[in-house]
Amino acid sequence: MSAHDELQHAHDDHGHDDLGIHATFRGYMTGFVLAVILTIIPFWLVMGHVIKDSSTAAVIILGLAAVQIVVHMIYFLHMNSKSEGGWNMLALVFTIVLVVITLSGSIWIMYHLNHNMMPLMDTSNLP
């Protein structure tokens, strides 16, 4: 084997393993169709006034949004527990933990600021 063949062989081997999901047209089309469906359903729920209770509609829409995030991660970002030796999944879990802490802390602070900083309305002096 010549040096050129060894270099070509080393160049062709990009360290890819067969543990990850490989991109195929069928996989991309499946992800695209699922993403379109998961976009149309919430739009229909809101525009058609299908669910009258706004809090129930919000929970359903947020659930569909979470499912759509998972669809994008699997079909377009090709993330699974085996890709990159599991480091992608570990980074995702770390990111989710940070986002949950940040959002819940922000909501908690805003609620308590609103509750504690709003002046009490004295209705005894009103006509």
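Residues numbered from 1 in each chain as written. Predicted model: local features only at pLDDT ≥ 70, side-chain atom pairs only at ≥ 80, totals over all residues. Heavy atoms only, no water.

A. Layout of the overall build of the chain. Per the secondary structure count, the chain includes four helices and zero strands. Along the chain direction, N to C, the helices and strands of the chain fall in the order α-α-α-α. (Helix = DSSP H or I, 4+ residues; strand = E, 2+ residues; numbered from the N terminus.)

B. Region of interest: the packing of helix α2 (residues 25-47) against helix α3 (residues 54-75). Packing of α2 against α3 leaves a shortest axis separation of 10 Å and a crossing angle of 170 degrees. In terms of orientation, α2 and α3 fall into the roughly antiparallel class. Within the contact between the two elements, α2 uses G27, Y28, T30, G31, L34, A35, L38, T39, I41, P42, L45 and V46 and α3 uses I60, I61, L64, V67, Q68, V71, H72 and Y75. Class assignment for the residues of the contact of α2 with α3 results in 14 nonpolar, six polar and no charged. (Axes fitted to C-alpha atoms, helices over the stretch in contact; angles between N-to-C directions. Parallel < 35°, antiparallel > 145°, perpendicular 65-115°, else oblique. Contact = heavy atoms within 4.5 Å. Nonpolar A, V, L, I, M, F, W, Y, C, P; charged D, E, K, R; others polar.)

C. Quick peek at the packing of aromatic side chains. In total, this model carries one aromatic pair according to the counting rule given. With a centroid separation of 6.1 Å and 15 degrees between ring planes, the pair formed by Y28 and F76 is classed as stacked. Placement of Y28 in helix α2 and of F76 in the loop between α3 and α4 (87-117) is noted, with a sequence separation of 48 residues between them. Here Y28 falls in the partly exposed class, since its relative accessible area comes to 34%. (Phe/Tyr/Trp six-rings, centres within 6.5 Å; stacked < 30°, edge-to-face > 60°. Buried < 20%, exposed > 50% of the residue type's maximum accessible area, 1.4 Å probe, protein only.)

D. Focus on a nonpolar patch on the surface. Residues F25, M29, F32, V33, V36, I37, I40, I41, W44 and V50 make up a contiguous nonpolar surface patch of roughly 930 Å² in combined accessible area. Looking at where F25 falls in the secondary structure, it is placed in helix α2. The class of F25 is exposed, set by a relative accessible area of 67%. (Patch = residues over 30% accessible without salt bridge, like charges linked within 9 Å, V, L, I, M, F, W, Y side chains within 5 Å. Areas by Shrake-Rupley, 256 points an atom, 1.4 Å probe, with all protein chains shown as cover. Salt bridge = Lys/Arg side-chain N within 4 Å of Asp/Glu carboxyl O.)

E. Molecular detail of the confidence of the model for the chain. Scored by pLDDT, the chain comes out at a mean of 81, with 76% of its residues at no less than 70. Here helix α1 (residues 3-12) is the element of the chain with the lowest mean pLDDT, 53, and α2 is the one with the highest, 95. (pLDDT = per-residue confidence, 0-100.)

F. Molecular detail of the side chain of H78. Its location among the elements puts H78 in the loop between α3 and α4. Judged by relative accessible area, H78 falls into the buried class, the value being 19%. A polar side-chain atom of H78 sits 3.1 Å from a polar atom in the side chain of Y28. (Polar contact = N/O pair within 3.5 Å; in protein donor to acceptor, adjacent residues only side chain to side chain.)

G. Fine view of the environment of F76. Judged by its relative accessible area of 28%, F76 falls in the partly exposed class. The spacing of F76 and A23 is 53 residues in sequence and 8.1 Å in space, taken between C-alpha atoms. Excluding anything up to four places from it in sequence, F76 contacts Y28, G31, F32 and V71.

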